[in-house]
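# Residue-level structural notes
Here is how the chains run, residue by residue.
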Amino acid sequence: MIVFLICLVSFEIFQLVNTRHRNDSKIVGGKYVADIRQMPWLVNIQMEDVGHICGGSVLSPIFVVSACHCLVNEVSSDKDKPSVAVPVEELTFVAGTLQSVDPEKNDDPHKQTRKADYLLIHPKCRDENRIQVFDYALAVLHKPFLFNDYVKSINILSMQNHTFEEKLGEIVKNPKSSCYVAGWGEVRRGPIGEEDEGIMSKKLKMMEMNLISDDKCREMFAHNNEKFETFDFKKHHQLCAIGSNRWGSDCQGDSGGPLVCEGYQIALVSYGFQCGTSSPGTYADLGPFVEWFNESVLSYVYGRKASTAPAARNPHSASYGYVLINLLLTIVAVS
């Protein structure tokens, strides 16, 4: 328990120190991101023989947060049957670059490529009649990212669940909250479906977003799925947002990437029904993730298979000593 508390305290200190050293004023609106240093926490998740599949964000040198549906073979629709993680060896996590190409062909001198030791899938991740719920996943890297101007961790409102929820409420209620999404997803407009897949962007793009009310989201989504007429977004910890110009949004391939408001990641890209139209996107707020994260770290530190989630483990899985050392190195790296 002492080791676990040291880990949590170290992680909290890291978040506070890194916040003081970050200048979010560099982030500007626009279609393409000019410099990865504007968003050094973005991660391009690649799958063997497929290429780019999803986005993610750097939580610490060894943790990458993404969407559940990005890192499982299929999201379970059975509440008694957990979603099973993809084989961890098939995934590669790339940070520090605007480009979305085969890591071996990416000549960006600032890119960092990592493999994962371990994947954790939120135990409540489900597909409820085409509605993703508890869409959270965590990758634990085999080798930590080296932090510099091109690779840094993202700011999260708080790693304490109650504080996170309070601050999230303030942002959601403020109509002037400045938000954006970014990723390497499909570049097209129209309905989402396997039969009309678009082309993934080869360079990181971003879109400014406006949060909208749950009532407005229900109204706009109901024609796609009648269940939305009574769907409780707040109960499922979901937010809705729409492109600031009404004709831009995230799309397939952007899933798992962060929704950033006022310089903090408040949610991650989860699902939607249209790309590049006036239809909103839906985002899983990180409240449940923050609560679950602590339990996952506890299980991981003690070298046990997480009792709260299925996992894919690499033969070289790290011991709790490895985790502790890397969390402490995080403090040194940003101090």
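Anything mentioned here points back to the structure above.
Residues numbered from 1 in each chain as written. Predicted model: local features only at pLDDT ≥ 70, side-chain atom pairs only at ≥ 80, totals over all residues. Heavy atoms only, no water.

With that out of the way, let us pick up the overall build of the protein. Scanning the protein for helices and strands turns up five helices and 18 strands. Taken over 335 residues, the protein has a buried fraction of 56%. Long-range contacts, defined as pairs at least 24 residues apart, comprise 72% of the intrachain contacts of the protein with a sequence gap of at least 6. Of the roughly 14900 Å² of accessible surface on the protein, 52% is carried by carbon and sulfur atoms. (Helix = DSSP H or I, 4+ residues; strand = E, 2+ residues; numbered from the N terminus. Buried < 20%, exposed > 50% of the residue type's maximum accessible area, 1.4 Å probe, protein only. Contact = heavy atoms within 4.5 Å. Areas by Shrake-Rupley, 256 points an atom, 1.4 Å probe, with all protein chains shown as cover.)

Now for helix 2 (residues 161–173). Relative to the 18 Å expected for 13 residues at 1.5 Å per residue, helix 2 spans 18 Å between its end C-alpha atoms, a close match to the ideal helical length. What helix 2 keeps buried is the set F164, L168 and I171. Buried residues of helix 2, viewed axially, fall in a sector of 60°; they line one side. Facing away from the buried surface of helix 2 by more than 90 degrees, the exposed residues are H162, E166, E170 and K173. (Expected span 1.5 Å × (residues − 1). Arc of directions from axis to C-beta.)

Attention now moves to the nonpolar core. Within the largest apolar cluster, 91 residues are counted, with the highest numbers of intra-cluster contacts made by M39, L91, F93, L119, L204, I266 and F289. Residues within four places of L91 in sequence aside, it is in contact with I45, Q46, M47, I53, L71, V86, K115 and L119. (Core = buried A, V, L, I, M, F, W, Y, C linked by side-chain atoms within 4.5 Å.)

Moving on, we come to the sheet that holds strand 10 (residues 179–183). Here we have six strands rolled up into a closed barrel, ordered 10-12-13-17-15-14, and antiparallel in their pairing. In this sheet, neighbouring strand axes are inclined to one another by 45° on average, regardless of whether the strands run parallel or antiparallel. In the packing of helix 2 onto the sheet, the strands contacted are strand 12 (205–212), strand 13 (238–243), strand 14 (258–261), strand 15 (264–272) and strand 17 (281–285), and the crossing angle to strand 15 comes to about 75°. Contacting strand 12, strand 13, strand 15 and strand 17, helix 3 (residues 214–221) crosses the sheet at an angle of about 110° to strand 12. (Pairing = 2+ DSSP bridges. Axes fitted to C-alpha atoms, helices over the stretch in contact; angles between N-to-C directions.)

This paragraph deals with the pairing of strand 15. The side chains of a regular strand alternate between the sheet's two faces. A large share of strand 15 lies buried, amounting to seven of its nine residues. Alignment of strand 14 against strand 15, held across four bridges, turns out to be antiparallel. Following the sheet pairing, V260 is matched in strand 15 by Q265. Taking the residues that link successive antiparallel strands as the turn, the strand 14-strand 15 hairpin has two residues, and the phi of E262 there is positive, at about 55°.

The backbone of D49 sits at a positive phi, close to 70°, despite the residue not being glycine. By the element assignment, D49 lies in the loop between strand 1 (42–47) and strand 2 (51–60). On the basis of relative accessible area, D49 is assigned to the exposed category, the value being 77%. Of note, F134 is a non-glycine position whose phi angle comes to about 50°, a positive value. Judged by its relative accessible area of 17%, F134 is buried.

Here we take up the packing of aromatic side chains. Scanning all chains against the criterion turns up eight aromatic pairs. Between the aromatic rings of F289 and F293, the centroid separation amounts to 5.9 Å while the plane-to-plane angle is 35°, which identifies the pairing as tilted. Here the residue F289 and the residue F293 both occupy positions in helix 4 (residues 287–301), the gap between them amounting to four residues, near one helical turn. Summarising the burial analysis for this pair, F289 and F293 share the class buried. (Phe/Tyr/Trp six-rings, centres within 6.5 Å; stacked < 30°, edge-to-face > 60°.)

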